[in-house]
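This is what each chain is made of:
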Amino acid sequence: TLLYLYDTAGIPAELILMVIAYAVSKGKPNMRYVEKVALDWLDQGIDTIGAAEEYLCRLERREEAGARIKALLMLERPLTVAQTEKAEKWLYEWQVTDALIQLAAKLCQTKTGKFNCSYVDKVLESWRLDGIDTPEKARALAEKSRAKSAATPVENSSLDLDEYEQWLVDYVPVYKKKNGK
C-alpha cells in the first residue's frame, strides 16, 4: 500500500508519513484507512506538508467548535458534520458569545420543542445582520417585536366559515352524462 501511494499515486513520502500519524491519532492505524485518507487528501489537492498542516488545523478547529457547542448546550448526541461546521462558523467566523448561542438555542427549544441547529443558525444570522451581539440586545429586540405585534390589529377574514360549511352541506354535484344523455 505504501509503495502504491508513493510510486503510483505520486504522494510524497513525508505526506504519507503525515497520513500515518493522522490515522494513528484517530485510532485507526490500519493500511486501508491510511490509503483511503491519503487518496482523499490527494483528491482535495492536499499534496504538500503545508497544505496538510493547514487542513489538519481546520479539522481540529472544527472538532473543537463542535465539542464546545455540544458541552455549552448540553447536547446528548454527537454533532453531525453539518452541525459542526455551523458551530465553527458561530464561534470562529462570527465570534458569537456563548451566552448568545445559549439564548438562541433556548428560543429554538421554546419554538420547536427540540434543538434544531438550522433554526439556531437562522436566529444567530438574523441577530448578526441586525447588529445584535449581546443577550440584552436580543431580549430588547424580542420585547420590541412583541409590543409591535400586540399593537397591530388583527384583520378579520372576509370568508364566512359558517356560510361555507352550509354550502358544503347543501352542495349537490351535477354530473354530465356521456353522449348528451
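Our structure's up above, just so we're on the same page.
As the structure is a computational prediction, the values presented were derived from the model and not from experiment.

*Asks:* Just to check I follow, could you spell out the nonpolar core for this structure?
*Replies:* If you look at soluble globular proteins, the nonpolar side chains tend to sit buried side by side. Residues Ile-69, Leu-73, Trp-90, Ile-101, Val-120, Leu-124 and Trp-127 are the most contacted members of the largest nonpolar core, which totals 24 residues. Going through the elements one at a time, helix H4 (49–72), helix H5 (81–93), helix H6 (98–112) and helix H7 (117–129) are the ones with two or more residues in this core. Residue contributions to this core peak at six residues, all from H6. If we skip the residues at most four places from it in the chain, Val-120 touches Trp-90, Ala-104, Ala-105, Cys-108 and Phe-115. In terms of nonpolar packing, the next biggest core, distinct from the first, is built from 17 residues, Leu-5, Ala-23, Val-34 and Val-37 among them.

*Asks:* Is there a simple way to explain unusual backbone geometry in this structure?
*Replies:* Leaving glycine out, the prevailing phi sign among residues is negative, and the prevailing peptide bond configuration is trans. For Met-74, which is not glycine, the phi dihedral falls at a positive 55°. As for its position among the elements, Met-74 is in the loop between H4 and H5. A positive phi angle, close to 55°, is found at Gln-95, a residue other than glycine. Inspection of the secondary structure puts Gln-95 in the loop between H5 and H6. Relative accessible area serves as the criterion here: at 61%, Gln-95 is assigned to the exposed category.

Calculation criteria
Residues numbered from 1 in each chain as written. Predicted model: local features only at pLDDT ≥ 70, side-chain atom pairs only at ≥ 80, totals over all residues. Heavy atoms only, no water. Core = buried A, V, L, I, M, F, W, Y, C linked by side-chain atoms within 4.5 Å. Buried < 20%, exposed > 50% of the residue type's maximum accessible area, 1.4 Å probe, protein only. Helix = DSSP H or I, 4+ residues; strand = E, 2+ residues; numbered from the N terminus. Contact = heavy atoms within 4.5 Å.

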